[in-house]
Amino acid sequence: MNIFFGGILSQDVADTITEVISDNVEVVSWDVLMQYLQDSLPTVLDFLVKLIIAIIVLLVGRRIIRFVRKCLRRFMDKSNLDTGLKQFFDKFVYVALHFVLILAVLGRFGITASSVIAIIGSAGLSIGLALQGTLSNFAGGVLILLLRPFKVGDYIREDTSGNEGRVQEIQLFYTKLVTLDNKVVIVPNANLTSSSLTNMTNQDRRRVDIKVGISYNADIREAKRVIEAVLSAEEKRLEDEPYKIYVDELADSSVMIGTMVWVPTEDYYEVKWRLTENIKYALDENHIEIPFPQVTVTYADTKEKS
């Protein structure tokens, strides 16, 4: 019998292999392909029908979701619900309805809701650990709406990280703040419920505190009189709340004069900036010195006498 020798097949072996391949190709080629297509056609058609129905369900479902949300918004606009509560409910309905829609689409392919729930249940621990932060943010959003430490429109500061701004939107998992210079800050709801925060606009009035240092050589009574004239001339000052002018501290290089004046919350920063400027002008006009740190440098003569 001829065998492989020197890396070249003998002619007999090559002819045998060619004959076997030719016979198999003739058997497999056309008849087998047609039979396979005939057998697979019902399955392919069934899948295409399910796919078309799933696409129709998806498109119709999205239109229904938009209609339901529109009706819900109209209903909430007519009610006296808080703006943050409206935003939260709107997002919750959006997510819940889309989850139902996904289950309906999967159902077209034979995947039932019980199967999805069983899969989620079997992987509950892993999913719970993976979504721990997300779930805590969702729980934080619910607590914010129930306890209402702030609402949309309030100006708040997160004391832990120092993030602050006016509340623009309360979402399912985070709260959106807009700063004074119009930057958007996204804060997770869990951070706002697990740490302290300051609501600067919860009350309708705020106290402006300004401290200014005067020279030890200046007359304290004259300085207080000048500052009092500035405070009494402030048009945004609440007249039903008395203002105060006092000596706050005897510092190293100055006498610190403190002032307290009550203003409407929405005018706080405007009044604070204006009073600070006007007090400086008034003290300068009355020749009352505002000291500042100074350093005196003395040069010693180090030359040796000859």
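Conventions and cut-offs
- Counting starts from 1 at the beginning of each chain's written sequence and moves along it residue by residue.
- Totals for whole chains, interfaces and linings use all residues, but because this is a predicted model, local features are given only for residues with pLDDT of at least 70 and pairs of side-chain atoms are given and counted only at 80 or more.
- Only hydrogens and water are removed before side-chain values are computed, so all heavy atoms of the structure are retained for them.
- A run of H or I in DSSP becomes a helix once it reaches four residues, and a run of E becomes a strand once it reaches two; helices and strands are each numbered from the N terminus.
- Under the convention used throughout, the expected extent of a helix is 1.5 Å for every residue step, that is, one less than its residue count.
- Summary of the burial criterion: residues with accessible area below 20% of their type's maximum are buried, those above 50% are exposed, and those between are partly exposed, where the area comes from a 1.4 Å probe applied to protein chains only.
- Arc definition: directions from the helix axis to the C-beta atoms.
- It only takes one pair of heavy atoms within 4.5 Å for two residues to be counted as in contact.
- For the purposes of these results, a polar contact is taken to be a pair of N or O atoms within 3.5 Å, where, inside protein, one atom must be able to donate a hydrogen and its partner to accept one; residues adjacent in sequence count only when each atom of the pair is a side-chain atom.
- Summary of the metric used: pLDDT quantifies the predictor's per-residue confidence within the range 0 to 100.
- Any two rings among Phe, Tyr and Trp, with Trp reduced to its six-membered ring, count as a pair given centres within 6.5 Å; such a pair is stacked if its planes are under 30 degrees apart, edge-to-face if over 60, and tilted if neither.
- In this analysis the charged atom, NZ for Lys or CZ for Arg, is taken to sit over a ring once it is within 6 Å of the ring centre and within 35 degrees of the ring normal.

A. Structural context of helix 9 (residues 268-285). Spanning 18 residues, helix 9 covers 26 Å between terminal C-alpha atoms, matching the ideal 26 Å at 1.5 Å per step. Buried within helix 9 we find Tyr268, Val271, Leu275, Ile279, Ala282 and Leu283. Considered in projection along helix 9, the buried side chains sweep an arc of 90° and stay on one side of the axis. Residues of helix 9 that are exposed and point more than 90 degrees away from the buried face comprise Trp273 and Glu285. Buried residues along helix 9 sit in contact with strand 6 (205-214), helix 8 (220-232) and strand 8 (255-264). Downstream of helix 9 by one or two residues, His287 has phi in the positive range, about 55°.

B. Focus on helix 8. Given a rise of 1.5 Å per residue, 13 residues ought to cover 18 Å, and the 18 Å separating the end C-alpha atoms of helix 8 matches this to within 8%. Three or more residues of helix 8 are buried, namely Ala223, Val226, Ile227, Val230 and Leu231. For helix 8, the angular spread of buried residues about the axis comes to 140°, placing them on one side. The elements touched by buried residues of helix 8 are strand 6, strand 7 (244-250), strand 8 and helix 9. At the N-terminal boundary of helix 8, the capping side chain belongs to Asp219, with an oxygen 3.0 Å from the backbone nitrogen of Arg221.

C. Structural view of the confidence of the model for the protein. Mean pLDDT over the protein: 80, with 76% of residues reaching 70 or higher. Mean pLDDT per element in the protein: helix 1 (residues 11-28) is the minimum at 55, and strand 8 is the maximum at 95. Under a pLDDT of 50 for its full length, residues 1-9 has, in the predicted model, 6 contacts with residues more than four places off or in other chains.

D. The arrangement of the packing of aromatic side chains in detail. Evaluated as defined, the whole model comprises 4 aromatic pairs. Aromatic pair Tyr269 and Trp273: ring centres 5.7 Å apart, planes at 40°, arrangement tilted. Of this pair, Tyr269 and Trp273 both sit in helix 9, 4 residues apart, which is roughly one turn of the helix. Residue Tyr269 is classed as partly exposed on the basis of its relative accessible area of 27%. Classification of Trp273 by relative accessible area gives exposed; the value is 56%. Ring-pair connections join several aromatic residues into one group, and the members of that group are Phe92, Phe138 and Phe173. Geometry around Tyr94 places Lys91 over its ring, the cationic atom sitting 5.9 Å from the centre. For Arg206, the ring lying beneath its charged end belongs to Tyr268, and the centroid distance is 3.7 Å.

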